[in-house]
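Fold and geometry: a report
Listed here are the chains, written in short residue letters.
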Amino acid sequence: DDLCKRSVCLTKMRKESIKKSDARIFAGGKIRGYSGKMPGIVEEFIISWENRKPIYLVGGLGGVTELLCNGIIWQEVPQALMRGWQESYNKYLEYPDLEYKELYDNLVDCKNNINYDNLIYILLGSISLKDLSYMSGLTEKKYKRLMETPFVDEAVHLIIEGLENINRHKDNQHTKSCCGAISDM
């Protein structure tokens, strides 16, 4: 069925894109009217976390990213990111007569193993602000600010700072391993 193929292709595209990236930046995101079995940002977030990529969540701009930030900060899964809420409040825009529950039930059998249970596991036990900030090269205080700021220029500044810190750390590790190898000779 076309819906299943589309969902599988979107997931495959996201997995490939994430695999080839060094970090992921999330801002905004649709809570309704998306093409797969869950909001695309949620799926990308799950894949990125499972691949241990640095994740930058710009929650102050709203959308799904804000809901993810709230879930991490409060260690809960926001209702709007739960399957039940999606089934009750969402219409599949390309097929107005298709209820979301039918869409999800059709897509559950696809070769796409990412689902709402993955998100629940991450938000309730696998992720912490401390881990996110460390992996992203920011202090917890700065990462929390990134999650809350409504200012794009401040978010960009924080993301660049985090990426520079990651690169500086990698350069220092490289220098230590190179110098250690030379001094051992």
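Residues numbered from 1 in each chain as written. Predicted model: local features only at pLDDT ≥ 70, side-chain atom pairs only at ≥ 80, totals over all residues. Heavy atoms only, no water.

**Comments concerning the overall build of the protein chain**
- Helices and strands together make up the secondary structure of the protein chain, namely nine helices and two strands.
- Partitioning the intrachain contacts of the protein chain with sequence separation of at least 6 by distance along the chain shows that 74% fall at a separation of at least 24.
- When the accessible surface of the protein chain is summed, it comes to about 10,500 Å², and 53% of that surface belongs to carbon and sulfur atoms. (Helix = DSSP H or I, 4+ residues; strand = E, 2+ residues; numbered from the N terminus. Contact = heavy atoms within 4.5 Å. Areas by Shrake-Rupley, 256 points an atom, 1.4 Å probe, with all protein chains shown as cover.)

**Examining the layout of surface pockets**
- The volume enclosed by the largest pocket comes to roughly 310 Å³.
- Forming the walls of the largest pocket are Asp 22, Ala 23, Pro 54, Tyr 134, Met 135, Gly 137, Leu 163, Asn 165, Ile 166, Asn 167, His 169 and Lys 170.
- Going through the elements one at a time, helix H7 (129–135) and helix H9 (152–183) are the ones with two or more residues in the lining of the largest pocket.
- Ranked by the residues each element gives to the lining of the largest pocket, the list is headed by H9, at six residues.
- Considered class by class, the residues forming the lining of the largest pocket number six nonpolar, four polar and two charged. (1 Å grid on protein atoms, 1.4 Å probe; cavity = no way out; pocket = protein on both sides within 12 Å on 5 of 7 lines; lining within 4 Å. Points joined across faces, edges and corners; volume = space filled by probe spheres on them. Nonpolar A, V, L, I, M, F, W, Y, C, P; charged D, E, K, R; others polar.)

**So, the pairing of strand S2 (residues 55–58)**
- Here S2 shows no split at all, with Ile 55 and Leu 57 on one side and Tyr 56 and Val 58 on the other all buried.
- Examined bridge by bridge, strand S1 (residues 24–27) and S2 share four bridges and lie parallel to one another. Pairing of Arg 24 across the sheet is with Ile 55, part of S2.
- Chirality of the crossover, the property in question, places the unit of S1, helix H2 (residues 40–50) and S2 among those that are right-handed. (Buried < 20%, exposed > 50% of the residue type's maximum accessible area, 1.4 Å probe, protein only. Pairing = 2+ DSSP bridges. Right-handed = clockwise from strand over helix to strand, strands pointing away.)

**So, the pattern of salt bridges**
- Evaluated as defined, the whole model comprises six salt bridges.
- Salt-bridge contacts for Glu 148 lead to Lys 144; the nearest nitrogen and oxygen are separated by 3.4 Å. One end of the pair is Glu 148 and the other is Lys 144, both in helix H8 (residues 140–148) and four residues apart, which spans about a single turn.
- In this structure, Glu 154 engages Arg 145 in a salt bridge whose closest nitrogen and oxygen atoms are separated by 2.9 Å.
- Looking at Arg 145, the relative accessible area reads 31%, which means it is partly exposed. (Salt bridge = Lys/Arg side-chain N within 4 Å of Asp/Glu carboxyl O.)

**Points about the nonpolar core**
- Counting 43 residues, the largest nonpolar core has Phe 45, Leu 57, Leu 81, Tyr 143 and Leu 146 as the members making the most contacts within it.
- Going through the elements one at a time, H2, S2, helix H3 (63–74), helix H5 (100–108), helix H6 (116–126), H7, H8 and H9 are the ones with two or more residues in this core.
- Ranked by the residues each element gives to this core, the list is headed by H2, at six residues.
- Sequence-distant contacts of Phe 45, that is, excluding residues within four places in its chain, are made with Phe 26, Ile 55, Leu 57, Leu 68, Ile 72, Leu 119, Ile 122, Leu 123 and Ile 127. (Core = buried A, V, L, I, M, F, W, Y, C linked by side-chain atoms within 4.5 Å.)

Just geometry here; none of it tells us what the structure is for.
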